[in-house]
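Overview (structure and organization)
Okay, here's what each chain looks like letter by letter:
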Amino acid sequence: MRAARPAHTDDPERGTLAKATDENFPVAPFFLPRAWRDDLMAVYGYARLVDDIGDGDLAPGGADARLLGVTPERADDRLALLDALEADLRRVFDGTPRHPLLLRLQPTVRRRRLTPEPFLALVAANRQDQLVSRYETYDDLLAYCELSANPVGRLVLAVTGTTTPERVRRSDAICTALQIVEHLQDVTEDLGRDRIYLPATDMKRFHVTEADLSAKTASASVRALIAYEAQRARDLLNEGAPLVGSVHGRLKLLLAGFVAGGRAALGAIAAADHDVLPGPPRHGKLRLLREVGTTLRGEG
């Protein structure tokens, strides 16, 4: 999950939660029961904080570091911040956390009987981002998504009390797809962070070099590679889409929004002829609404 809205330096909690409006998918839409919205926003706040630490996107001034007990000398040390966040996360389960976003999370964890594992996986994914900047194979990338994306869907199921093994499997497919879509949208941004999430074996197959990814516009080879990875993401979305039909009521609409958001983003990439290098292709609200309708009808 990545957003561009700047945080409020005077209020890390408010600044982090404000980024929810910039995500590819609905985080806690108005039509959900209030209790679900509150708990999903608490989970989102934690996930967003982890990603902001891993990406170096914390608000300037070091407020988050201070809240986590990290000294000013290490306020820019992402691994130190992640270690401190993990320690604060453990206090959610057996004490009193320091950071307001984790204080906000604690009632949700207790109310929904959430376990530490999905939260720890998100920390592990961001640690990996500090140490691994290239992925050799698609399977390597899927293993990363197991840490970076799939826990979020599992938490949504847990918060809404709808977890079953089959739903988890479908949810994992959707979340991995959404992570791949984000990687495709953010090729240029990620390269600026010295990260490439396009598998090296696929780049070789399509004769794409790292230099090709730094161009202002995509070559035919880069476009073919992006189209190939986009189809993989679409196949995963289709594999996960039956999750929508397995639930009812407002949760059905929320999950349809997740799938539709991914499909609309893929549609925007295709409409740009798979040239993602100038920046993320954007879809309009009409395309998103059409995709929601298609997903709800089970036609996609």
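Residues numbered from 1 in each chain as written. Predicted model: local features only at pLDDT ≥ 70, side-chain atom pairs only at ≥ 80, totals over all residues. Heavy atoms only, no water.

Details of the overall build of the chain
The condition is simple: We count a stretch as a helix when DSSP gives it H or I for four or more residues in a row; a strand needs E for two or more, and each element gets its number in order from the N terminus. C-alpha atoms define the radius of gyration, and 2.2 Å times the number of residues to the power 0.38 defines the globule rule. Remark: exposure states derive from per-residue accessible area (1.4 Å probe, protein chains only) relative to the maximum for the residue type, with buried under 20%, exposed over 50%, and partly exposed in between. Only heavy atoms enter the contact rule, under which two residues are in contact if any of them lie within 4.5 Å. Note on areas: Shrake-Rupley, 1.4 Å probe, and residue coverage restricted to the protein chains presented here. His is not counted here, nor are the chain ends, while Lys and Arg score as positive and Asp and Glu score as negative. For charged residues, the charge sits on one atom: NZ in Lys, CZ in Arg, CG in Asp, CD in Glu.
Helices and strands together make up the secondary structure of the chain, namely 16 helices and zero strands. A compact globule built from 300 residues would reach a C-alpha radius of gyration of about 19 Å, and the chain, at 19 Å, matches this within 12%. When the backbone C-alpha atoms are referred to their principal axes, the chain occupies close to 55 × 50 × 30 Å. With 300 residues in all, the chain has 53% of them scored as buried. For the chain, the share of sequence-separated contacts (at least 6 apart) that also reach a separation of at least 24 residues comes to 67%. Accessible area for the chain stands at about 13,200 Å²; split by element, carbon and sulfur atoms hold 54% of it. Put simply, the chain has 40 plus and 42 minus side-chain charges, and the middle of one group is 6 Å from the middle of the other.

Considerations on the pattern of salt bridges
In a structure, side chains of opposite charge can pair up when their charged atoms sit close to one another. The condition that has to hold: Counted as salt bridges are all cases of a side-chain nitrogen of Lys or Arg within 4 Å of a carboxyl oxygen of Asp or Glu.
Taken as a whole, this structure holds 25 salt bridges when the rule is applied. Arg193 serves as the salt-bridge partner of Asp57, at 3.2 Å between the closest nitrogen and oxygen. One end of the pair, Asp57, is in the loop between helix H2 (34-55) and helix H3 (63-67); the other, Arg193, is in the loop between helix H10 (187-192) and helix H11 (200-205), with 136 residues separating them in the sequence. Residue classification places Arg193 among the partly exposed positions, given a relative accessible area of 26%. Of the charged contacts in the structure, one is a salt bridge between Arg127 and Asp83, with a shortest N-O distance of 2.9 Å. Of this pair, Arg127 sits in helix H6 (residues 117-131) while Asp83 sits in helix H4 (residues 78-94), and the two are 44 residues apart along the sequence. By relative accessible area, Arg127 is classed as partly exposed at 23%.

A word on helix H15 (residues 249-271)
In plain terms, the rule: A helix's residues, less one, multiplied by 1.5 Å, set its expected span.
Compared with an ideal rise of 1.5 Å per residue, which puts 23 residues at 33 Å, H15 spans 33 Å between its outermost C-alpha atoms and is within 8% of the ideal. Counted residue by residue, H15 has 17 buried out of 23 residues, so it is predominantly covered. Looking one or two places after H15, you find Asp273, whose phi comes out positive at around 55°.

Overview of the packing of H15 against helix H16 (residues 285-296)
Put simply, the rule is: Between N-to-C directions, angles cover 0 to 180 degrees, with each direction set by a line fitted to C-alpha atoms, over the stretch in contact for helices. An angle below 35 degrees is read as roughly parallel, one above 145 as roughly antiparallel, one from 65 to 115 as roughly perpendicular, and any other as oblique. A crossing counts as left-handed when the near helix is turned anticlockwise from the far one by less than a right angle, and as right-handed when that turn is clockwise.
Interaxial distance between H15 and H16 falls to 8 Å at its minimum, and their mutual angle equals 125°. In this view, H15 runs oblique relative to H16, as classed from their interaxial angle. Considering how the two elements wind past one another, H15 and H16 form a crossing that is right-handed. Here Lys252, Leu253, Ala256, Gly257, Val259, Ala260, Gly261, Arg263, Ala264, Gly267, Ala268 and Ala271 of H15 come into contact with H16, specifically with Arg287, Leu288, Glu291, Val292, Thr295 and Leu296.

Observations concerning the nonpolar core
Here is the rule we go by: Nonpolar core, defined: a set of buried Ala, Val, Leu, Ile, Met, Phe, Trp, Tyr and Cys residues in which side-chain atoms within 4.5 Å join the residues together.
The biggest cluster of nonpolar side chains holds 78 residues, and the ones touching the most others in it are Tyr46, Leu85 and Leu198. In contact with Tyr46, not counting residues within four places along its chain, are Leu85, Leu89, Leu102, Leu105, Phe119, Leu122 and Val123.

A word on the confidence of the model for the chain
So the rule is basically this: A residue's pLDDT is the confidence the predictor assigns to it, expressed on a 0 to 100 scale.
Per-residue pLDDT for the chain has a mean of 92; in total, 91% of the residues score no lower than 70. Of the regions scoring below 50 in pLDDT, residues 1-9 engages in 35 contacts with residues more than four places distant in sequence or in other chains.

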